Amino acid sequence: MTQVTPQPPAAVPELDDDTTTESTPKRPSPLRDVWRSFRRNRAALVGMVIIALIVLIACLADVVAPYSPVAQFRDSVLTPPFWQDGGTWRFILGTDDLGRDILSRLIHGARLSMTIGVIVVSLSLGIGVLLGLLAGFLRGWVDTVIMRLMDIMLSIPSLLLAVVVVAVLGPGLFNAMLAIAVVYLPHYVRLTRSSVITEREREYVMASRLAGAGMFRLMFITILPNCLAPLIVQATLSFSNAVLDAAALGFLGLGAQPPTPEWGSMLADARQYVLQAWWVVTFPGLAVLITVLAFNIMGDGLRDALDPRLKR
């Protein structure tokens, strides 16, 4: 009788960690998800590219600009752009009433405008977030005092409030930036307060409080990171408004003082030559228009990318 020898069971191949990892789809990071949503908006991408070019030109103003912004060429006063009769390639966009190269002043004015936007947004955002955190987290009389003060500031037209602040402090570039930062302060305070009130009652905040987290840790580490999305959008839009308001104060003679190459002051100096030399008014106005429009379009794209309710 033949004896059947039992065969050992077939070995089951073990799955290593690499195989398991490859079979499990990776969840995209939040930053990558925001970028994926942002790049679908072609207009926002164009705005971001324009802003990147303006920032690059502002950083390289000393290298890119053909002349000094205050250099005067008395033999070339009110020279038209190169494509117009009487124009020359020496001054591509022409010269102003003092013989200064408009292209060079526009390039250096871009640096000044970007500096104004950064300082104004940094001041208003930093102070506004701090006051909004205190008002939304502490509530009570602290909330009442802060918000009533913000309501009073919002009841005054923004440009008028900036003019009043500059009139008290005196005309000048730094005082104009400080005045614009004061104007935008209530917007950050109200936005931060509303976000904090929404977040402070959520489960993760309760868990942190039960774990023994202190007040400052709850405000700045637990709650604040979850309130950044609307603040980023507001900062982008405020940047464009700061450039516009700085140009308005410069146009009124309350901002940057001559011979500083600021777009608003360039418009103010060229008012009397609107009919005689159109280029001295047109190009600074176009610089303000393009910069403000690019920031607004990019801000709209960021809002759509950061707000899950607006994603398609």
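Residues numbered from 1 in each chain as written. Predicted model: local features only at pLDDT ≥ 70, side-chain atom pairs only at ≥ 80, totals over all residues. Heavy atoms only, no water.

Let's talk about the UniProt feature "transmembrane region" (unreviewed entry) in the chain
- Cross-referencing UniProt, the feature "transmembrane region" (unreviewed entry) maps to residues 43–65, 114–138, 159–184, 231–256 and 276–299 in the present numbering.
- The span residues 43–65 is 91% helical and 0% strand by assignment, and the distance between its end C-alpha atoms comes to 29 Å. (UniProt positions renumbered as here; feature names shortened; annotations may be inferred. Helix = DSSP H or I, 4+ residues; strand = E, 2+ residues; numbered from the N terminus.)

Looking at unusual backbone geometry
- Omega for the bond connecting proline 258 with proline 259 falls within 30 degrees of zero, at 5 degrees, which places this linkage in the cis form.
- Relative to the assigned elements, proline 259 resides in the loop between α11 (228–251) and α12 (263–269).
- In the Ramachandran plot, leucine 78 falls in the positive-phi region, its phi being about 55 degrees despite a non-glycine side chain.
- Secondary-structure assignment places leucine 78 in the loop between α4 (61–64) and α5 (102–138).
- Under the relative-accessibility criterion, leucine 78 is labelled buried at 17%. (Buried < 20%, exposed > 50% of the residue type's maximum accessible area, 1.4 Å probe, protein only.)

What to know about the packing of helix α7 (residues 158–169) against helix α8 (residues 173–199)
- It is the contact of α7 with α8, at a shortest axis distance of 8 Å, that shows an interaxial angle of 140 degrees. Classified by the interaxial angle, the pair formed by α7 and α8 is oblique. In this structure, α7 meets α8 at a crossing whose hand is right-handed. Packed against α7, whose contacting residues are Ser158, Leu161, Ala162, Val165, Val166 and Leu169, the element α8 presents Asn175, Ala176, Leu178, Ala179 and Val183 at the interface.
- Among the residues making up the contact of α7 with α8, the classes are represented as nine nonpolar, two polar and no charged. (Axes fitted to C-alpha atoms, helices over the stretch in contact; angles between N-to-C directions. Parallel < 35°, antiparallel > 145°, perpendicular 65-115°, else oblique. Left-handed = near helix turned anticlockwise from the far one by under 90°. Contact = heavy atoms within 4.5 Å. Nonpolar A, V, L, I, M, F, W, Y, C, P; charged D, E, K, R; others polar.)

Examining a positive patch on the surface
- Taken together, Arg32, Arg36, Arg39 and Arg40 make up a surface patch of like positive charges.
- Here arginine 40 is to be found in the loop between α2 (30–38) and α3 (42–59).
- With relative accessibility at 56%, the residue arginine 40 sits in the exposed group. (Patch = residues over 30% accessible without salt bridge, like charges linked within 9 Å, V, L, I, M, F, W, Y side chains within 5 Å. Areas by Shrake-Rupley, 256 points an atom, 1.4 Å probe, with all protein chains shown as cover. Salt bridge = Lys/Arg side-chain N within 4 Å of Asp/Glu carboxyl O. Lys, Arg positive; Asp, Glu negative; His and termini not counted. Charge placed at Lys NZ, Arg CZ, Asp CG, Glu CD.)

A few points about the layout of surface pockets
- Taken as a whole, the second largest pocket spans an internal volume of roughly 390 Å³.
- Lining the second largest pocket are 16 residues, with Ile54, Ile57, Leu106, Trp263 and Ala287 sitting closest to its centre.
- Within the residue set of the lining of the second largest pocket, elements represented by two or more residues are α3, α5 and α13 (279–306).
- Looking at which element gives the most residues to the lining of the second largest pocket, the answer is α13, with five residues.
- Its residues assigned to classes, the lining of the second largest pocket shows 15 nonpolar, one polar and no charged. (1 Å grid on protein atoms, 1.4 Å probe; cavity = no way out; pocket = protein on both sides within 12 Å on 5 of 7 lines; lining within 4 Å. Points joined across faces, edges and corners; volume = space filled by probe spheres on them.)

As for the packing of aromatic side chains
- Taken as a whole and judged by the stated rule, the model has 11 aromatic pairs.
- One cation-aromatic arrangement involves arginine 200 over phenylalanine 137; the distance from NZ or CZ to the ring centre is 5.8 Å.
- Taking NZ or CZ as reference, arginine 271 lies 5.1 Å from the ring centre of phenylalanine 251, over its face. (Phe/Tyr/Trp six-rings, centres within 6.5 Å; stacked < 30°, edge-to-face > 60°. Lys NZ or Arg CZ within 6 Å of the ring centre and 35° of its normal.)

A closer look at the pattern of salt bridges
- What the rule picks out here adds up to 10 salt bridges.
- Aspartate 151 is the salt-bridge partner of arginine 148, the closest N and O atoms lying 2.8 Å from each other. In this pair, arginine 148 and aspartate 151 both sit in helix α6 (residues 140–154), three residues apart, roughly one turn of the helix.
- With a relative accessible area of 27%, aspartate 151 lands in the partly exposed category.
- Between arginine 190 and aspartate 151 there is a salt bridge, and its shortest N-O distance comes to 3.0 Å. Separated by 39 residues along the polypeptide, arginine 190 in helix α8 and aspartate 151 in helix α6 bring together distant segments of the chain.
- Several salt bridges share partner residues, and in doing so they unite Arg139, Asp143 and Arg193 into one network.

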